[in-house]
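Residue strings, one per chain:
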Amino acid sequence: MAILSTIVSIFYVILLVVVLLLVIADNSPTPNKLAWILILAAFPVLGLVLYFLVGFSIREKWKYEKRHESSLKVFMEQRTPELSDLIYGDGGDLVDERWRPLVKLLSGPMSRAHCGNSYEIITKGERKLELLLQDLAAARHSIHVEYFHFGNDEAARKIKELLMQKAREGVQVRFIYERLANFPIPSRYYYEMKKAGVQIVRYKGPHGGLLSHVTTLNYRDHRKIMLIDGKIGYTGGMNIAKRYAVGIRNGIWRDTHIRVAGPVVAQMQTAFLVDWKFSTKQLLDQPVYYPQVPAAGGLLMQVATSGPMGEFRVIMQAILRIFSESRRYVYVQTPYFIPNEPLGAALRNAALAGVDVRLIIPRWDDVNFIVTLASRSYISDLLAAGVKVYFYEKGFMHAKTVVADDEVCSIGSTNLDIRSFEQDFEINAFIYDRDMAVRIRDCFLDDLSGCSQVFPDEWAKRPATVRFAESFARLFSPLL
């Protein structure tokens, strides 16, 4: 028994050392590495378990990068030539010179600035459900659905039943769901959809074994996409669940979504079809998925995606540029505020330069008090620089919007936290339109009526124990 115990101890020490070497060798940001080293040193057993659950990324991340690059390359190479004018567009000449570098930054195989789009901003769950039911009922060829969370409640079941009905009518219905966010939902829920003809897959599909499933839990499909016939698209912060209409026990669930029609929907279609190829190995590049869409309005817009692969974090860099280039104001809403250093510095620098910088965050996180504590640890530095910080008091603030100078705005799935920037698969719409920016600005100002402002003198009076708890939680920011 003593020999066995000694062998186990030696094996454990070797494993711990190997993991520490892997952490050090990983070229992730230094705060991430320091956080893992701290966890492994303070909680060796728990730290090893957590690392293999959510931190072990070298092998899997490399595999995902290659698979995603392959999916994108094959898709863009094999798509029919006549799609070029639909996927590629350039609205650079229509953008103020100050924002043209932002357009260029976001431009890529799937993202060009397209004009000729119409839109509706959606801030209430009832309105989104009403519009979705109308658009889905009118679908004739294809419905593509990709959601971080698609609930098992009255609201979601209305959408589910309609998807099943359309599949029975012969409409091609494809559904990508995120496995971890929908874990409590029983398998029969999805089986019913499959039986009705809905093509449904988990994001990224099977990986060949339990270990591979475990080591990819940290990569989540946080996107929210609904596409009807390649002509109408929805994206933003809203998932499919009844809380968007009925609220939660503490009040309303405040969120922002957008419905668009026009040429830019082709970008959203490409994003979905690449994810479909990524998850199923099935390439769908037929022209029918890219119908000729006439100009529906005057909105100039481009759609960007990001994820835990590649060298650059495009959405984060775009938001950073908006902060840095703002001259009069920049208003931000986010449910989870755990910025990396560049984002935090950009907000502080803008405020110090005289820009009116305002941030709305929830008073409490909806599920994780550690996230709330970590988020609050950043507030003092913001206040010292002149950033105006507000707690949303009417319920839970889940909107993810940025608007600056009545000229540019962003609506999407990306939170201002390290997880969204580094680990999650996200999608955001970037819009270069005065009327749209003014409407997002006005939504923000309306939300201020349900907020309480955080003042530096009052914030400094927090008990020392609270400040310590916030600082301790901040150590784990890269992992939250």
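Residues numbered from 1 in each chain as written. Predicted model: local features only at pLDDT ≥ 70, side-chain atom pairs only at ≥ 80, totals over all residues. Heavy atoms only, no water.

**Brief notes about the pattern of salt bridges**
A side chain with one charge may pair with a side chain of the opposite charge, provided their charged atoms come close.
Piece 1. In the structure shown here, the tally under the stated rule is 23 salt bridges.
Piece 2. With a shortest N-O distance of 2.7 Å, Arg-127 and Glu-120 are connected by a salt bridge.
Piece 3. Assessed through its relative accessible area of 23%, Glu-120 is described here as partly exposed.
Piece 4. Residues Lys-388 and Asp-356 are paired through a salt bridge, measuring 3.1 Å at the closest nitrogen-oxygen approach. Pair noted here: Lys-388 is in strand β13 (residues 388-392) and Asp-356 is in strand β12 (residues 356-362), with a separation of 32 residues, a long-range link.
Piece 5. The network of salt bridges with common partners includes Arg-328, Asp-406, Arg-434, Arg-441 and Asp-442. (Salt bridge = Lys/Arg side-chain N within 4 Å of Asp/Glu carboxyl O. Buried < 20%, exposed > 50% of the residue type's maximum accessible area, 1.4 Å probe, protein only. Helix = DSSP H or I, 4+ residues; strand = E, 2+ residues; numbered from the N terminus.)

**Quick look at the nonpolar core**
Piece 1. With 85 residues, the main nonpolar core has Leu-163, Met-226, Phe-323 and Tyr-432 as its most contacted residues.
Piece 2. What Met-226 contacts, discounting residues up to four positions off in sequence, is Leu-132, Leu-136, Ile-143, His-144, Val-145, Tyr-147, Ile-159, Ile-232, Gly-233 and Tyr-234.
Piece 3. Counting residues in each nonpolar core, the second largest holds 44 residues, with Met-268, Ala-271, Val-303 and Leu-448 among its members. (Core = buried A, V, L, I, M, F, W, Y, C linked by side-chain atoms within 4.5 Å. Contact = heavy atoms within 4.5 Å.)

**Thoughts on helix α15 (residues 369-376)**
Piece 1. Extensive coverage of α15 is indicated by the burial of 6 of its 8 residues.
Piece 2. Looking only at α15, the buried set comprises Val-371, Thr-372, Leu-373, Ala-374, Ser-375 and Arg-376.
Piece 3. Those residues of α15 that are buried lie in contact with β11 (337-338), β12, α16 (379-385), β13, α19 (456-459) and α20 (464-474).

**Focus on the packing of aromatic side chains**
Aromatic rings in a pair are described by how distant their centres are and how their planes are angled relative to each other.
Piece 1. Applying the stated rule across the entire model yields 15 aromatic pairs.
Piece 2. Between the aromatic rings of Tyr-203 and Phe-425, the centroid separation amounts to 5.0 Å while the plane-to-plane angle is 70°, which identifies the pairing as edge-to-face. Here Tyr-203, found in the loop between β4 (199-202) and α10 (210-214), pairs with Phe-425, found in the loop between α17 (418-422) and β18 (426-431); they are 222 residues apart in sequence, far enough to count as distant. Neither residue differs from the other here; Tyr-203 and Phe-425 are each classed as buried. (Phe/Tyr/Trp six-rings, centres within 6.5 Å; stacked < 30°, edge-to-face > 60°.)

**Details of the confidence of the model for the chain**
Piece 1. Model confidence for the chain is summarised by a mean pLDDT of 83, while 76% of its residues fall at 70 or above.
Piece 2. In the predicted structure, residues 80-90 sits below a pLDDT of 50 and forms 30 contacts with residues beyond four places in sequence or in another chain.
Piece 3. Below a pLDDT of 50 lies the segment residues 205-215, which in the model reaches 20 contacts outside its immediate sequence neighbourhood of four places, other chains included. (pLDDT = per-residue confidence, 0-100.)

**A short note on the environment of Phe-183**
Piece 1. Residue position: Phe-183 is located in the loop between β3 (172-177) and α9 (187-195).
Piece 2. Since its relative accessible area comes to 67%, Phe-183 is described here as exposed.
Piece 3. Taking the C-alpha atoms as reference points, Phe-183 and His-149, 34 residues apart in sequence, are found 9.7 Å from one another.

**Concerning the side chain of Arg-254**
Piece 1. Mapped onto the elements of the fold, Arg-254 is located in strand β7 (residues 252-254).
Piece 2. If near-sequence neighbours (up to four positions away) are discounted, Arg-254 is found in contact with Thr-123, Gln-333, Tyr-392, Phe-396, Met-397, His-398, Ala-399, Cys-443 and Asp-447.

**Brief notes about the environment of Thr-256**
Piece 1. By secondary structure assignment, the location of Thr-256 is in the loop between β7 and β8 (257-261).
Piece 2. Residue Thr-256 is classed as buried on the basis of its relative accessible area, which comes to 3%.
Piece 3. Expressed as a C-alpha distance, the spacing of Thr-256 and Gly-412, which sit 156 residues apart in the sequence, is 8.3 Å.
Piece 4. For Thr-256, the residues in contact, after removing those within four places along its chain, are Ile-121, Ile-122, Thr-123, Gly-236, Gly-237, Met-238, Ala-399, Thr-401 and Ile-411.
Piece 5. A polar atom in the side chain of Thr-256 sits 2.9 Å from the side chain of Arg-254. (Polar contact = N/O pair within 3.5 Å; in protein donor to acceptor, adjacent residues only side chain to side chain.)

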